[in-house]
Amino acid sequence: MRIATWNVNSIRSRIDRAVGVLERHDLDVLLLQETKCRDDQFPEMPLSAAGYEVAMHGLNQWNGVAIISRVGLEDVTIGFPGMPSYGEPPVAEARAIGATCGGVRVWSLYVPNGREIGHAHYAYKLDWLTRLRDVAAGWLADDPQAQVVLAGDWNIAPLDEDVWDMAFFEGKTHVTDPERAAFRAVVDAGYADLVRPYTPGPGTYTYWDYTQLSFPKRRGMRIDFALGTPALAARVTDASIDREERKGKGASDHAPVIVTLAD
DNA sequence: ATGGTCGGTCGCCGA
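Remember, it's a predicted structure, so these values are computed and weren't measured experimentally. (Residues numbered from 1 in each chain as written. Chains lettered and ligands numbered in written order. Predicted model: local features only at pLDDT ≥ 70, side-chain atom pairs only at ≥ 80, totals over all residues. Heavy atoms only, no water.)

Summarising the element assignment, D142 is placed in helix α3 (residues 120-142). Exposure remark for D142: the relative accessible area of 68% places this residue in the exposed category. Residues D142 and E93 lie 49 residues apart in sequence; the distance between their C-alpha atoms is 27 Å. (Helix = DSSP H or I, 4+ residues; strand = E, 2+ residues; numbered from the N terminus. Buried < 20%, exposed > 50% of the residue type's maximum accessible area, 1.4 Å probe, protein only.)

Structure representation (structure tokens):
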């Protein structure tokens, strides 16, 4: 079984590339973030034609998450229990969708960006991660054998080597101690990084800013992760980052991250 | 080539 996560940065503008990713990697499940459309705007037909079911959650042009599966798509959950809202008045955003696919409980997660240190969005990001940690820890406590994947755009570079230049990120989000602690808390709750052991750094990234020729200059960040419970981690036989997908006209600014599981 | 981002949407926001 092969599962991938990808911040697609608009599924409508990249549906052909999405089908290409599914086929190229022979994916069973693809978790998308930043679909940037309402459910009624989601281009489902090309995916159905390729043999996949789709569960999507999009409220407007912002955020949006989806799960694409050819191994079943059951018990779809929109948002996770206790997921914080944002704004005035507070609104639940389209940042999390879960489903059971081929016996694995998968979550497509789009962690809030944080914008700037001290911004309300930054506090929202930390709260969102804390709530996610709490609920995910509960799932594992309820069933130590649970096979759960928490994957998506975490908007955090957990290690110094996960950014191209720490000096550049001085005073910026994604690398601060509280953000890293929030990410580490999920790991400490029992959710291991499934990908890093197969894609060691430094210089291994999943995201490159569109501006300043970041990609050809290899100025990226590792901020997209697939974490998994012990029972799930024990099944991983390989993982990779599809850097090729970042190339060429019409690429997302994120690369797909792929995990292969033993049957 | 002395500058060089996208997408959604149409004056900007968000990333």
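What follows continues from the structure just given.
The mixed open sheet is built from six strands, whose spatial order is β5-β6-β7-β8-β10-β9. In the strand order of this sheet, the two ends are held by β5 (74-78) and β9 (192-193), each with one partner. Bridge count between strand β7 (residues 104-110) and strand β8 (residues 148-153): six bridges; the pairing is parallel. Its bridge partner being in β8, L109 is matched across the sheet by G152. Against the sheet, α3 touches β6 (96-101), β7 and β8, its axis set at about 175° to β7. (Pairing = 2+ DSSP bridges. Contact = heavy atoms within 4.5 Å. Axes fitted to C-alpha atoms, helices over the stretch in contact; angles between N-to-C directions.)

The immediate surroundings of DNA strand B are formed by 14 residues, with S10, Q61, W62, R115 and Y210 found nearest. Within 4 Å of the protein, the atoms of DNA strand B are drawn from sugar and phosphate moieties in a proportion of 74%. At 2.2 Å, a side-chain N or O of S10 approaches a phosphate oxygen of DNA strand B. Residue Y210 places a main-chain N or O atom 3.0 Å away from a sugar or linking oxygen belonging to DNA strand B. Class assignment for the residues of the surface near DNA strand B results in four nonpolar, five polar and five charged. (Near = heavy atom within 4 Å. Polar contact = N/O pair within 3.5 Å; in protein donor to acceptor, adjacent residues only side chain to side chain. Nonpolar A, V, L, I, M, F, W, Y, C, P; charged D, E, K, R; others polar.)

What the six strands build is an open sheet, ordered β3-β4-β2-β1-β12-β11; its pairing is mixed. Edge positions in the open sheet fall to β3 (53-57) and β11 (236-241), since each of these has one partner strand only. On average, each strand axis in the sheet is tilted by 10° relative to the strand beside it, whichever way the strands run. Here five bridges tie strand β2 (residues 29-33) to strand β4 (residues 65-69), and the two strands are oriented antiparallel to one another. The partner of Q33 across the bridge, within β4, is V65.

With their axes 9 Å apart at the nearest point, α3 and helix α4 (residues 177-188) run at an angle of 15° to one another. For the element pair α3 / α4, the angle class is roughly parallel. Crossing of α3 against α4: the hand is left-handed. Between α3 and α4, the residues in contact are Y122, K125, L126, L129 and R133 and P178, E179, A182, A185 and V186, respectively. Its residues placed into classes, the contact of α3 with α4 shows seven nonpolar, no polar and three charged. (Parallel < 35°, antiparallel > 145°, perpendicular 65-115°, else oblique. Left-handed = near helix turned anticlockwise from the far one by under 90°.)

Those residues of helix α1 (residues 15-24) that fall on the buried side of the exposure criterion are I15, A18, V19, V21 and L22. The arc that holds every buried residue of α1, seen down its axis, measures 155°, which confines them to one face. Exposed residues pointing more than 90 degrees away from the buried face of α1 are listed as D16 and E23. Taken from the residues just after α1, D26 is the one with a positive phi, measuring 50°. (Arc of directions from axis to C-beta.)

Taking burial as the measure, the seven residues of β7 include seven buried ones, the bulk of the element. Alternating positions in β7 separate into two faces, V104, V106, S108 and Y110 on one and R105, W107 and L109 on the other, with burial throughout. Two strands pair when backbone bridges link them, and β6 and β7 are joined in this way by six bridges, in the antiparallel orientation. Bridge assignment links A96 to a residue of β7, and that residue is L109. The turn joining β6 and β7, which pair antiparallel and follow one another in sequence, is formed by two residues; a positive phi near 55° is taken by G102. Taking the sense of rotation as the criterion, the β-α-β connection linking β7, α3 and β8 turns out right-handed. (Right-handed = clockwise from strand over helix to strand, strands pointing away.)

With 30 residues, the main nonpolar core has I3, I67 and V106 as its most contacted residues. M83, A96, F183 and F225 belong to the second largest nonpolar core, which has 25 residues in total. (Core = buried A, V, L, I, M, F, W, Y, C linked by side-chain atoms within 4.5 Å.)

Sites flagged by UniProt as "active site" (unreviewed entry) map to Y110, D153 and H254. The annotated residues occupy 145 residues of the chain but converge on a single region, no pair of C-alpha atoms lying more than 12.6 Å apart. With respect to the helices and strands, Y110 occurs in strand β7. Each residue touching Y110, except ones within four places of it in the same chain, is listed here: N7, Q33, E34, N63, V65, R95, W128, D153 and N155. (UniProt positions renumbered as here; feature names shortened; annotations may be inferred.)

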